[in-house]
Every structure is written in structure tokens, then in C-alpha cells.
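Descriptive analysis of the structure
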Amino acid sequence: MVESINPEESPASLRARGIQISSVRPYINWRPVKTTEEYEAVVALRTKAYAEAGKIDSEKNEPMRDKYDEDAHILAGWHFSKPVVSVRIMPHPSGTVWEHQQFISLDSPEIPPLTETAEVTRVCIDPEWRGYDLSKLLFQQMVLEIFRCGRRYLLGSSTTDLLPLYLKIGSFPTSLRYTYNDLGGGEHIIFVSDCIRVVNGYLISWPIWSVVWFDVQKQAVVEGILAPPPKLQALKLLFWGALKPVFEWIEARRRAKRKRR
């Protein structure tokens, strides 16, 4: 593990020089966007990431901003003054037309109460920072922010190829589908997550919980934004948490193998 990554460098540039890191956690600071300058930096990150993924026309170079940014909680992971990962979290007040409601009705028994749900969109990672554990770190910080907003459930959407990533950490697909022509077309699937039950160790395999949600559960309880589970479940979580180093080692080995391919 290198001690630091200079502001102008990234994991990709280190890798090109033969330097490998096991995790980007030590190099990222998490905080919501608060200033105009920070917001513009996140818009630039979005535009770069979505263009790289072929979801928008890179030749048009149109910044990815819209009206939903105005009242959203925009969370970003910062490497010095540069955002390298971001997500838009929207705990809409009653009567608001949700972003997904532009494309499909959310009046379905598969959808949790909207007043208890946060809508999540615009997930993006700088291409130079992909391939490590940044997605996991983003999910952890995103759920903590959802709890701080006073919401229990998460609602988002994904293309078919990325959906397994969300399902693996405790989300569930719905039967709701729509086509988002402005973001590369293709079918998008609505998914939901009961964040409280997932973070308290239900609805998810315990190896995944120990790696992804162990630290989140502890922090959320300490902050008072999550009630602790019943005693028996709490004992199970302590046991699962004790095995976290083992499963993190296995996860790191898998990532290293994927990088060598």
C-alpha cells in the first residue's frame, strides 16, 4: 500500500507505473456537495463518466445537470479537491414528481411508501478510479446519508448488466421496466432496498454483510440514525463481523485476479 496518491495521480496512473494498491479507502474523503464550485466539479465528473460508458454523446459535450439537482443531496467522494465518485440522493417531499415518474408509474405494490423512500440516481465513478472497491464504499456512504435524511428505503434503476451489483448487496428487482433514451437507450429495471433490514443483517448473505455493511451498521447505531437489532440478531452480527477480515482478504484476492486478466 502506498502512503498517499498525489492530487494529479489516480489508481490507473499508479498501475501504469507498476504500483498496485489494494483499496482506495485511505485516499477518499466523503462529503455532500455544498458550493457552486463543488457542484460544477461533480457535473464534470458525471459528464466524463457517462460519456466514457457510452450513455451520452461525448461529442455534444453537454454538462449533465437538470432540475433534480436543485433539491438533491449530492454525495461525492473526494481525492483532495477532485470528486472521483458521486451519487444523487433525493428524499422527495410529498407531491413531488420523482425523476423515475417521468418514464413510469411508481404506483405499484412492489414499491415501498414514497414518503419513507429516497430516490437514487446519477451514480458515477471516474474511469481512472474504477476496478477497486470504490463502488462498495459508495454504497456504504450512500445508505448512511439515506438514514441521515430520515428515510428507510432506497429506489433506483439499473441496466441489466449492472443489476447484479445492486442485488448482491441487498437490493431487490421489481417488474417495472422502462427505456431511458437520453442515457443510451436500453431497458432499465427499477430496484428497491429496505436499507434498515439489510444493514441490520437481514435479506442478505452473511459473508456479503460482513464485508459491506458491518462498519455501516456500527456507525449508524453510534450516530443514532439506526436502531440496533434484537439481541439474538445482534449476537449473530458480532459473530459475522469477527469474520470480516477473512472475507475482505478473499475479496481482495478476487479483485487482484480480475486485474491480472
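Check the entry above for the structure.
Let me begin by describing the structure that accompanies this report. (Residues numbered from 1 in each chain as written. Predicted model: local features only at pLDDT ≥ 70, side-chain atom pairs only at ≥ 80, totals over all residues. Heavy atoms only, no water.)

What to know about the overall build of the protein chain
Put simply, the rule reads: A run of H or I in DSSP counts as a helix once it spans at least four residues, and a run of E counts as a strand once it spans at least two, with each numbered from the N terminus. Computation of the radius of gyration draws on C-alpha atoms, with the globule rule given as 2.2 Å multiplied by the number of residues to the power 0.38. Under the scheme applied here, a residue whose accessible area is under 20% of the maximum for its type counts as buried, over 50% as exposed, and between as partly exposed, the area being computed with a 1.4 Å probe on protein chains only. Note on contacts: a residue pair qualifies if any of its non-hydrogen atoms lie within 4.5 Å across the two residues. All accessibility values rest on the Shrake-Rupley procedure with a 1.4 Å probe; residue burial counts only the protein chains present in the view. Within this scheme the basic residues Lys and Arg register as positive and the acidic residues Asp and Glu register as negative, but His and the chain ends are omitted. All charge positions are set by atom: Lys at NZ, Arg at CZ, Asp at CG, Glu at CD.
Helix and strand counts for the protein chain come out as nine helices and seven strands. Its C-alpha radius of gyration of 18 Å places the protein chain within 12% of the 18 Å reference for a compact globule of 261 residues. By the burial criterion, 49% of the 261 residues in the protein chain qualify as buried. Relative to all contacts within the protein chain whose residues are 6 or more apart in sequence, the contacts with residues 24 or more apart total 70%. A total accessible area of about 13,400 Å² is found for the protein chain, and carbon and sulfur atoms account for 53% of it. The distance from the centre of the 34 positive side-chain charges to the centre of the 31 negative ones in the protein chain is 10 Å.

Section: the layout of surface pockets
Remark: the empty space left among the atoms is shown by a probe the size of a water molecule rolled over them. Keep this limit in mind: Only protein atoms enter the 1 Å grid used here, on which a cavity is any set of points holding a 1.4 Å probe that cannot leave and a pocket is any open set flanked by protein within 12 Å on both sides along at least five of seven lines; residues with an atom within 4 Å of a point are listed as lining. Grid points are joined across faces, edges and corners, and a volume is the space filled by probe spheres set on the points. Side-chain classes follow a simple rule in which Ala, Val, Leu, Ile, Met, Phe, Trp, Tyr, Cys and Pro form the nonpolar group, Asp, Glu, Lys and Arg form the charged group, and the remainder, Gly included, forms the polar group.
The computed volume of the largest pocket comes to approximately 1,300 Å³. Residue lining of the largest pocket: 49 residues in total, with S135, F139, L162, L165 and Y166 positioned closest to the centre. Elements with a minimum of two residues in the lining of the largest pocket: helix 2 (36-52), strand 4 (117-125), helix 3 (134-148), strand 5 (153-159), helix 4 (163-168), strand 7 (187-194), helix 6 (206-212) and helix 9 (244-260). If you trace the second largest pocket, you find 16 residues lining it, with I56, M64, R122, D182 and L183 closest to the centre. Partitioned by chemical class, the residues of the lining of the second largest pocket number seven nonpolar, one polar and eight charged.

Considerations on the pattern of salt bridges
Rule in force here: Between Lys or Arg on one side and Asp or Glu on the other, a salt bridge is scored when a side-chain nitrogen of the former is within 4 Å of a carboxyl oxygen of the latter.
Enumeration according to the criterion identifies 17 salt bridges in this entry. With a closest N to O distance of 3.2 Å, R122 and D66 form a salt bridge. You can see R122 sitting in strand 4 and its partner D66 sitting in the loop between helix 2 and strand 2 (73-79), a full 56 residues away along the chain. We classify R122 as buried; its relative accessible area is 9%. The salt bridge involving R148 is made with E145; its shortest N-O contact spans 3.3 Å. In this pair, R148 and E145 both sit in helix 3, three residues apart, roughly one turn of the helix. By sharing partners, the salt bridges in this structure join R46, D66, D69, R88, E99 and R122 into a single network.

So, the sheet that holds strand 1 (residues 29-32)
The following threshold applies: Paired strands are those between which DSSP finds at least two bridges. Axes here refer to lines fitted to C-alpha atoms; in helices the fit is confined to the stretch in contact. Angles between the N-to-C directions go from 0 to 180 degrees.
The mixed open sheet is built from seven strands, whose spatial order is 1-2-3-4-5-7-6. With partners counted over all chains shown, the strands left at the sheet margins are strand 1 and strand 6 (172-179), one partner each. Averaged over all pairs of adjacent strands, the angle between strand axes in this sheet comes to 25°, irrespective of strand direction. Bridge count for strand 2 against strand 3 (residues 82-90) is seven bridges, and the pairing is antiparallel. Among the inter-strand pairings, H79 is bridged to a residue of strand 3, identified as K82. With respect to the sheet, helix 2 is in contact with strand 1, strand 2, strand 3 and strand 4, its orientation differing from that of strand 4 by roughly 70°. In the packing of helix 3 onto the sheet, contacts are made with strand 1, strand 2, strand 3, strand 4 and strand 5, and the angle to strand 3 comes to roughly 40°.

Some words on helix 2
An α-helical turn contains 3.6 residues, so a residue and the one three or four places further along point in the same direction. Going by this rule: Under the convention used throughout, the expected extent of a helix is 1.5 Å for every residue step, that is, one less than its residue count.
The terminal C-alpha atoms of helix 2 lie 24 Å apart, and with 17 residues this matches the ideal 24 Å at 1.5 Å per residue to within 8%. Here helix 2 has its buried residues at E38, Y39, V42, V43, L45, R46, T47, A49 and Y50. Contacts made by the buried residues of helix 2 are with strand 1, strand 2, strand 3 and strand 4. Positive backbone phi, approximately 75°, marks G54, located one or two places after helix 2.

Details of a nonpolar patch on the surface
Put simply, the rule is: Within this analysis, patches are made of residues with over 30% relative accessible area and no salt bridge. Like charges are joined at 9 Å or less; nonpolar side chains (Val, Leu, Ile, Met, Phe, Trp, Tyr) at 5 Å or less.
Taken together, the side chains of L232, L235 and L238 make up a nonpolar region of the molecular surface, amounting to roughly 350 Å² of accessible area. As for its position among the elements, L238 is in helix 8 (residues 231-242). Residue L238 is classed as exposed on the basis of its relative accessible area, which comes to 59%.

Describing the side chain of R151
Applied cut-off: Polar contact is the term for a pair of N or O atoms within 3.5 Å; when the atoms are in protein, one must be able to donate a hydrogen and the other to accept it, and sequence-neighboring residues count only if both atoms are side-chain atoms.
Along the chain, R151 turns up in the loop between helix 3 and strand 5. No salt bridge is formed by the buried R151; its nearest oppositely charged neighbour, E116, is found at 8.6 Å. For R151, the side chain forms a polar contact with the main-chain oxygen of L114, separated by 3.3 Å. From its side chain, R151 meets the backbone oxygen of T117 in a polar contact 2.7 Å long. Not counting the four nearest positions on each side in its chain, R151 is found in contact with P91, H92, L114, T115, E116, T117, A118 and I146.

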